[in-house]
Amino acid sequence: MKFFGDSSSQSVLPTAHEKRSASVSSSPALKFPLNVSPEPLHPYMELIRLEKPTGTKLMFWPYAWGLTMAAYSSGPTMPLSQYGCQLLQCLVAAFIMRSSACTINDIFDRKMDASVERCKTRPLASGRISVRAASIYLVIQYLLGLAFFCFTLEGLALYVAVFQLLPLFAIYPLLKRVTYWPQAWLGFAMNFGFISAWVSVTNSFDYQILGCALVGCWCWTMLYDTIYACQDIADDLKAGVHSTAILFGTWIRPLLVGCACIFVSGLYFAGCLNNQGLGFFIVSVGGTTLHLVWQFSTVRLDVPESCWTNFNRNGELGWLVWGGLMMDYLVVSGIFARCIDFFR
């Protein structure tokens, strides 16, 4: 009888090729664009969260809202071609801001991230990229950002954009070590694009409109980033990381509902001051209210997967606010009326 020479006995022990295949099949599938890019680039792409677009969306929406509100109220109304060009510039600006913010955040937080389950595979925390390489990468991003803003903006708008790029996001990761309110600073940094976009069109500050909009958007960031932080409460307590998710404790849900109410109120009063039309109040204010009610009825703050899903939903919420603003802009610019005449 043959025990070691037949094919059945040989298949008991896996070959090296089978081990590699099993390892690949058990690892999570790479997201776009990691799955179509060279592997040596992956750490640098992950460092700016290129495979996770929600952060860029959340950075972009205040830009788009500020630009559209300013385009609506400017006289004469901004041409659609110019609006489209500036909207694209806002998207590029948001991408640059978010990328550099993620990079400097991970440089400061690399040791903390190594002790947090969700973050320990990040490029710096896992040792896949050196601090020196990440720092050079950050400087390149800053230089590209400065060049882009100098090319596309001037005067007051340029100063506002540079202020958001450099000091605002550099301070945020340091606050996690000294205060339970890092989300408060993040709310200011994330939504400064509203001011930048507004000033790029009007070249002036309207303190009432900007004040109402920023207070509302600040509360929106407090809402989604506190829910985001709920994913890591257990690990953050061990690592000594501070957040409003820990500070709020058992009061977290009613306080977040309060943030949602102020967010909607800020939108409403900013719209009133800007003389927005029905599109804004029905779609932007009304739609956002319903979306937030849906969020609170479905999120489970003690389940990390639910918190992550809810965080991503806030990236989609921005379409509602922008959609109502865009409707008003199309009406006041006469484009909506021309489209109706065309199809008659």
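Just so you know, these numbers come straight off a predicted model, no measurement behind them. Once a new chain begins, its residue numbering starts again from 1 and follows that chain's sequence as written. Where local features are concerned, this predicted model is filtered to residues with pLDDT of at least 70; where side-chain atom pairs are given and counted, the filter is 80 or more; whole-chain, interface and lining totals use all residues. Hydrogens and water are ignored here; the side-chain numbers use all heavy atoms of the structure.

Before going further, it helps to examine the environment of Ile129. For helices the rule is a DSSP run of H or I covering at least 4 residues; for strands it is a run of E covering at least 2, with both sets numbered from the N terminus onward. Residue placement: Ile129 occurs in the loop between helix H5 (80-113) and helix H6 (131-152). Distance in space between the C-alpha atoms of Ile129 and Leu330 is 47 Å, their sequence separation being 201 residues. With residues near it in sequence (within four places) discarded, Ile129 still touches Pro43, Tyr44, Leu47, Pro123, Leu124 and Ala134. It only takes one pair of heavy atoms within 4.5 Å for two residues to be counted as in contact.

Moving on, we come to empty space enclosed by the protein. In the cavity and pocket records, a cavity denotes points on a 1 Å grid over the protein atoms alone where a 1.4 Å probe fits but cannot get out, a pocket denotes an open set with protein on both sides within 12 Å along at least 5 of 7 lines, and lining residues are residues with an atom within 4 Å of a point. Grid points are joined across faces, edges and corners, and a volume is the space filled by probe spheres set on the points. Summed over all chains, the structure comprises two cavities of 30 Å³ or more. Roughly 120 Å³ of volume is contained in the largest cavity. Elements with a minimum of two residues in the lining of the largest cavity: H5, H6 and helix H9 (192-202). A total of four residues in the lining of the largest cavity trace back to one element, the largest contributor, which is H5. Residue classes in the lining of the largest cavity are distributed as eight nonpolar, five polar and no charged. Put simply, the second largest cavity is a space of about 50 Å³. Forming the walls of the second largest cavity are Trp65, Met69, Phe194, Ala213, Gly266, Leu267, Ala270, Phe280, Val321 and Leu325. Contributions of two or more residues to the lining of the second largest cavity are made by helix H4 (54-73), helix H13 (252-273) and helix H15 (304-332). Tallying contributions element by element places H13 first for the lining of the second largest cavity, with three residues. Polar here means any residue outside two lists: the nonpolar Ala, Val, Leu, Ile, Met, Phe, Trp, Tyr, Cys and Pro, and the charged Asp, Glu, Lys and Arg; Gly therefore counts as polar. Tallied by class, residues from the lining of the second largest cavity come to nine nonpolar, one polar and no charged.

Quick look at the environment of Asp232 now. Mapping Asp232 onto the fold places it in the loop between helix H10 (207-229) and helix H11 (233-239). For the pair Asp232 and Met45, spaced 187 residues apart in sequence, the C-alpha separation works out to 23 Å. Beyond its immediate sequence surroundings of up to four residues, Asp232 is in contact with Val116 and Arg118. We call two N or O atoms a polar contact when they sit within 3.5 Å, provided that within protein one can donate a hydrogen and the other can accept it, with sequence-adjacent residues counted only if both atoms are side-chain atoms. Within polar-contact distance, the side chain of Asp232 engages the side chain of Arg118 at 2.3 Å.

The subject of this paragraph is the environment of Phe32. Along the chain, Phe32 falls in the loop between helix H2 (16-26) and helix H3 (42-47). Distance in space between the C-alpha atoms of Phe32 and Ala260 is 32 Å, their sequence separation being 228 residues. In contact with Phe32, other than residues within four places in its own chain, are Leu50 and Glu51.

Attention now goes to the confidence of the model for the protein chain. The predictor rates its confidence in each residue with pLDDT, a number between 0 and 100. Taken over all residues, the pLDDT of the protein chain has a mean of 89, while the share at 70 or more is 90%. Low pLDDT, under 50, characterises residues 16-26; the predicted model gives this stretch two contacts beyond four residues in sequence or across chains.

Our focus in this paragraph is the side chain of Asn314. Mapping Asn314 onto the fold places it in helix H15. In this structure the side chain of Asn314 is engaged in a polar contact, spanning 3.0 Å, whose partner is the side chain of Trp220. Here the side chain of Asn314 touches Gln295 through a polar contact of 3.0 Å, side chain to side chain. Every residue in contact with Asn314, bar those within four places of it in the chain, is listed here: Leu58, Trp220, Leu223, Tyr224 and Gln295.

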